[in-house]
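A closer look at the structure
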Amino acid sequence: MVRYDIDESELEQRIEVEKPGWLLRAAERTDGFRAAGEYGESGGIWSEVKGAYMAIQHNKCAFCERELEGEAFGKIEHDVEHYRPKRNARGWPTDAIKEARAIGFDFPRGDELPEGYFLLAYHPLNYITACKACNSALKSDYFPVAAARISGMDHPRDYRGEEPYLPYPLGSGDIDPERIFTFEGIIPIPVNRSGKKHRRALVTIAFFELATRETLLRQRADLIVSFSRAYADSVEGRTARIRARGQKDVERMTEVTSPHANCLRAFRRVCESDPDRANTILDAVYAYLDALGGDGH
């Protein structure tokens, strides 16, 4: 995960460009939920603004950072995800999930909130776009929190006291995900060894199976191999032209626009600070690809 820098005003502007009048319709529906004391409608309208979020996230899943198709063909691949579930928010992990995934930590996870966060059903800062694996298969209506649940508020900032485990990556309302977890090669690891950030990292990594999904591991491995070549060219290229091209690739691959940017930024820092360790990581990446049958060469 990485942060996508955007404030609420700019986000609303983008939504209005994507679907004029949507914000007013959303506010009217929220007023109805407030009057009823619960979420209830025959069909939602959040998919109408999906394209705005896809563009903000550069067509990447907000959680696993893999690249999906763009707007022309990709809307079926991207889900508009309610960060806080609009109804029936559940703690995580359940006992069944803990057993199935051999999860060893036992942090407070939050009581079930049957009515969910119904007043956030149409708040722009409660949306992100995610791949179907992260959203439908893994997140569902789970939303683990460390403190007591809060309900009945209509702005995400009013819920900070819940101390959610999963970081929200749009804007500055939550901590930058890269301050919570980084990477050792292709494997996500907590930035901190203890404390709240450490626990948030452990939960987020386990929640989305970021350390075990083979598709993600393979993509990161392939990108590290490509990055290592670009970095070598940028430093050791035979000509100024090769070095310039290498540097351009290094910058491009570590921009927020690129897939798995958190992973590649972490590897870049190692390349710049400890070349021997970077080579050790690269050897491990090649070994992983060889074990899968990929040549990596």
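Before going into details, it helps to say that this report is about the structure given with it.

What counts, and at which threshold
Per-chain numbering applies: the sequence of each chain, read as written, is numbered from 1 onward. In keeping with the predicted nature of the model, local features appear solely for residues at pLDDT of at least 70, side-chain atom pairs appear and are counted solely at 80 or more, and the whole-chain, interface and lining totals rest on all residues. By convention in this description, side-chain values take in all heavy atoms of the structure and omit both hydrogens and water. If DSSP finds at least two bridges between two strands, the strands pair. Helix and strand definitions follow DSSP, with helices as H or I runs of at least four residues and strands as E runs of at least two, each counted in order from the N terminus. Only centres within 6.5 Å qualify two rings of Phe, Tyr or Trp (six-membered ring in Trp) as a pair; their planes then separate them into stacked at under 30 degrees, edge-to-face at over 60, and tilted for everything else. By definition, being over a ring means that NZ of Lys or CZ of Arg is both within 6 Å of the ring centre and within 35 degrees of the ring normal. Note on classification: 1.4 Å probe, protein chains only; a residue is buried when its accessible area is under 20% of the maximum for its type, exposed when over 50%, partly exposed between these limits. Here, a salt bridge means any side-chain nitrogen of Lys or Arg that lies within 4 Å of a carboxyl oxygen of Asp or Glu. Geometry is summarised by axes, namely lines fitted to C-alpha atoms with helices restricted to the contacting stretch, and by angles between N-to-C directions that run from 0 to 180 degrees. The labels follow the angle: roughly parallel below 35 degrees, roughly antiparallel above 145, roughly perpendicular from 65 to 115, and oblique for the rest. By definition, any crossing whose near helix is turned counterclockwise from its far helix by less than a right angle is left-handed, and any crossing with a clockwise turn is right-handed. Whether two residues touch is decided by their heavy atoms; if any such pair falls within 4.5 Å, the residues are in contact. Charged residues are taken to be Asp, Glu, Lys and Arg, nonpolar residues to be Ala, Val, Leu, Ile, Met, Phe, Trp, Tyr, Cys and Pro, and polar residues to be all remaining types, Gly included. Side-chain atoms alone can form a polar contact between residues adjacent in sequence; in general such a contact is a pair of N or O atoms within 3.5 Å, and within protein one must be able to donate a hydrogen while the other accepts it.

Examined bridge by bridge, strand 3 (residues 181–184) and strand 4 (residues 187–190) share 4 bridges and lie antiparallel to one another. In the sheet register, F181 faces strand 4, and the bridge partner there is P190. The antiparallel pairing of strand 3 with strand 4 creates a hairpin that spans 2 residues between the two strands, and G185 there sits at a positive phi of about 65°.

So, on to the packing of aromatic side chains. The tally for this structure, following the rule as stated, stands at 18 aromatic pairs. Among the aromatic side chains, those forming a connected cluster through ring pairs are W22, F33, Y39, W46, Y53, Y122 and Y127. R84 extends its terminal NZ or CZ atom over the ring of Y117, reaching a point 5.6 Å from the ring centre. Lying across the ring of Y39, K86 places its NZ or CZ 5.9 Å from the centre.

Right, let's talk about the environment of S47 for a bit. Within the secondary structure layout, S47 lies in the loop between helix 2 (22–36) and helix 3 (50–56). Exposure remark for S47: the relative accessible area of 43% places this residue in the partly exposed category. C-alpha of S47 to C-alpha of P177: the two residues are 130 residues apart in sequence and 25 Å apart in space.

Another point: the pattern of salt bridges. One pass over the structure, following the stated rule, counts 24 salt bridges. D106 serves as the salt-bridge partner of R109, at 3.5 Å between the closest nitrogen and oxygen. Residue class for R109 comes out partly exposed when judged on its relative accessible area of 22%. The class of D106 is exposed, set by a relative accessible area of 55%. Ionic pairing is found between R200 and D174, a salt bridge with its closest N-O pair at 2.9 Å. You can see R200 sitting in helix 7 (residues 195–207) and its partner D174 sitting in the loop between helix 6 (132–139) and strand 3, a full 26 residues away along the chain.

What describes two packed helices is the angle between their axes and the distance between those same axes. Direction vectors running N to C along helix 8 (residues 214–236) and helix 11 (residues 275–292) enclose 130°, while the axes themselves pass 10 Å from each other. Classed by the angle they form, the pair helix 8 and helix 11 counts as oblique. Every pair of crossing elements has a handedness; the one defined by helix 8 and helix 11 is left-handed. Here E214, L217, R218, A221, D222, I224, V225, S228 and R229 of helix 8 come into contact with helix 11, specifically with L282, V285, Y286, Y288, L289 and L292. Here the contact of helix 8 with helix 11 is composed, by residue class, of 10 nonpolar, 1 polar and 4 charged.

Mapped onto the elements, K60 comes out in the loop between helix 3 and helix 4 (71–74). The class of K60 is buried, set by a relative accessible area of 0%. Here the side chain of K60 touches S258 through a polar contact of 2.7 Å, landing on its backbone oxygen. Once residues lying within four places of it in the same chain are set aside, the contact partners of K60 are V2, Y4, E65, R66, E67, T129, V256, T257, S258, P259 and A261.

These figures come from the coordinates and say nothing about function on their own.
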